[in-house]
Amino acid sequence: MKGDMSNSNFIVKEMVNHPAEEWDDKLSNYRDYNLYQAYGWGEMKKAQGWEVLRLVCNNEDKDVAMSQCFYRYNKLLRVYTIWIPGGPVFRNDLDDRGLDGFCYLIDNIKDRFNNKRYYLRTYLMQNYESRIILAIREKGFQRPIQNINQGFTYYIDASKTES
């Protein structure tokens with residue numbers, strides 16, 4: 001099974017009190033790195049009331065997956081919302097180690113909220129190959145009934161200068 005928690009070759013480290021540059025440097029090694037996993041984005045979400053959890057999954061001394069998670073507790077519904085926009089990111093060029101690292105990382109996040117009610121939502125920036133889709137389904141993910149955003153993208157021409 002992908003991401004089997006008994007696989008001792010994977011280690012997940014929480015990055016606490018690390019410099020922003022260290023996180024962003026690690027992130028830049030992934031083809032699917034994106035703004036939503038950048039340290040600065042996490043700090044902005046923290047200012048908006050989200051808790052931030054930054055994790056790195058390592059296999060044989062090589063980083064294979066990373067995730068910046070945002071979470072908060074809804075007292076009314078008594079449930080944690082865990083949101084991973086643009087991630088987790090993982091090395092899709094390392095045979096199955098990157099994908100296994102992704103699965104191991106998801107299991108680690110779930111374990112952190114064990115015995116608590118939670119809703120976990122993610123949006124990968126990877127190309128959805130069949131092996132990735134199968135691994136995501138094995139982890140219990142399914143397409144949401146309702147979209148969170150409108151699905152629009154705005155492009156700004158930043159090459160023009162103001163006069």
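These lines cover the structure that appears in this document, whether it is placed above or below. Worth saying up front: this structure is predicted, and the values here are computed from it rather than measured.

## Things to note about a nonpolar patch on the surface
Here is step 1: Taken together, the side chains of Leu35, Tyr36, Tyr123 and Met125 define a hydrophobic patch exposed on the protein surface, amounting to about 400 Å² of accessible area.
Here is step 2: The residue tyrosine 36 is located in the loop between helix H1 (20–27) and helix H2 (39–47) in this model.
Here is step 3: Overall, tyrosine 36 belongs to the partly exposed group, its relative accessible area being 32%.

## Considering the pairing of strand S2 (residues 51–59)
Here is step 1: Counting buried positions along S2 gives 8 out of 9 residues, so the element sits mostly inside the fold.
Here is step 2: Pairing of strand S1 (residues 10–14) with S2, which is carried by 5 bridges, proceeds in the antiparallel orientation. When the sheet's bridge partners are listed, phenylalanine 10 is paired in S2 with asparagine 59.
Here is step 3: Pairing of S2 with strand S3 (residues 62–74) involves 9 bridges; the strand directions are antiparallel. Residue pairing for S3: valine 52 is matched across the bridge by phenylalanine 70.
Here is step 4: Once S2 ends, the chain turns through 2 residues before running back antiparallel as S3, passing glutamate 60 with a positive phi of about 50 degrees.

## Focus on unusual backbone geometry
Here is step 1: In this chain, glycine 87 is followed by proline 88 through a cis amide linkage whose omega measures 0 degrees.
Here is step 2: We note that asparagine 17 has phi near 55 degrees; this positive angle belongs to a residue other than glycine.
Here is step 3: Mapping asparagine 17 onto the fold places it in the loop between S1 and H1.
Here is step 4: Asparagine 17 gets classed as exposed once you look at its relative accessible area, which sits at 80%.
Here is step 5: The backbone phi angle of asparagine 115 is positive, close to 70 degrees, even though this residue is not glycine.

## Side note on helix H4 (residues 130–138)
Here is step 1: Restricting attention to buried positions, one finds in H4 the residues Ile132, Ala135 and Ile136. The buried residues of H4 all sit within an arc of 100 degrees when viewed along its axis, so they share a single face. Turned more than 90 degrees away from the buried face of H4, the exposed residues are Ser130, Leu134 and Arg137.
Here is step 2: Buried residues along H4 sit against strand S5 (89–90) and helix H3 (97–112).
Here is step 3: Immediately beyond the C-terminal end of H4, within one or two residues, lies glycine 140, with a positive phi of roughly 95 degrees.

## Quick word on the packing of H3 against H4
Here is step 1: For the pair H3 and H4, interaxial distance at closest approach is 11 Å and the crossing angle is 20 degrees. It follows from the interaxial angle that H3 and H4 lie roughly parallel. At the point where H3 passes H4, the crossing takes the right-handed sense. For the pair H3 and H4, the contacting residues are Leu99, Phe102 and Cys103 in the first and Arg131, Ile132, Ala135 and Ile136 in the second.
Here is step 2: Of the residues belonging to the contact of H3 with H4, the class tally is 6 nonpolar, no polar and 1 charged.

Conventions we followed
Positions within a chain are numbered from 1, following the residues in the order the chain's sequence is written. Where totals are concerned, whole chains, interfaces and linings use all residues; where local detail is concerned, this predicted model gives features only for residues with pLDDT of at least 70, and gives and counts side-chain atom pairs only at 80 or more. Values reported for side chains reflect all heavy atoms of the structure, with hydrogen atoms and water molecules removed beforehand. Excluding any residue in a salt bridge, patches collect residues exceeding 30% relative accessible area, merging like charges within 9 Å and nonpolar Val, Leu, Ile, Met, Phe, Trp and Tyr side chains within 5 Å. Only the protein chains shown count as covering a residue, and every accessible area follows the Shrake-Rupley method with a 1.4 Å probe. A carboxyl oxygen of Asp or Glu within 4 Å of a side-chain nitrogen of Lys or Arg is what we treat as a salt bridge. In DSSP terms, a helix is any run of H or I states spanning at least four residues, a strand is any run of E spanning at least two, and both are numbered starting from the N terminus. Relative accessible area decides the class of each residue, using a 1.4 Å probe on protein chains only: under 20% of the type maximum gives buried, over 50% gives exposed, and in between gives partly exposed. Each pair of strands is called paired provided DSSP finds at least two bridges between the two strands. The directions considered for the arc are those from the helix axis to the C-beta atoms. Every residue pair with non-hydrogen atoms within 4.5 Å of one another is taken to be in contact. Orientation is described by axes fitted as lines to C-alpha atoms, over the contacting stretch for helices, and by angles from 0 to 180 degrees between their N-to-C directions. Any angle that is under 35 degrees is reported as roughly parallel, and any over 145 degrees as roughly antiparallel; angles of 65 to 115 degrees are reported as roughly perpendicular and all others as oblique. By the definition used in this description, the sense in which the near helix is turned from the far one sets the handedness, with an anticlockwise turn below a right angle giving left-handed and a clockwise turn giving right-handed. Basically, the charged four are Asp, Glu, Lys and Arg, the nonpolar ten are Ala, Val, Leu, Ile, Met, Phe, Trp, Tyr, Cys and Pro, and anything else, Gly included, counts as polar.

These values are about where atoms sit, not about what they do.
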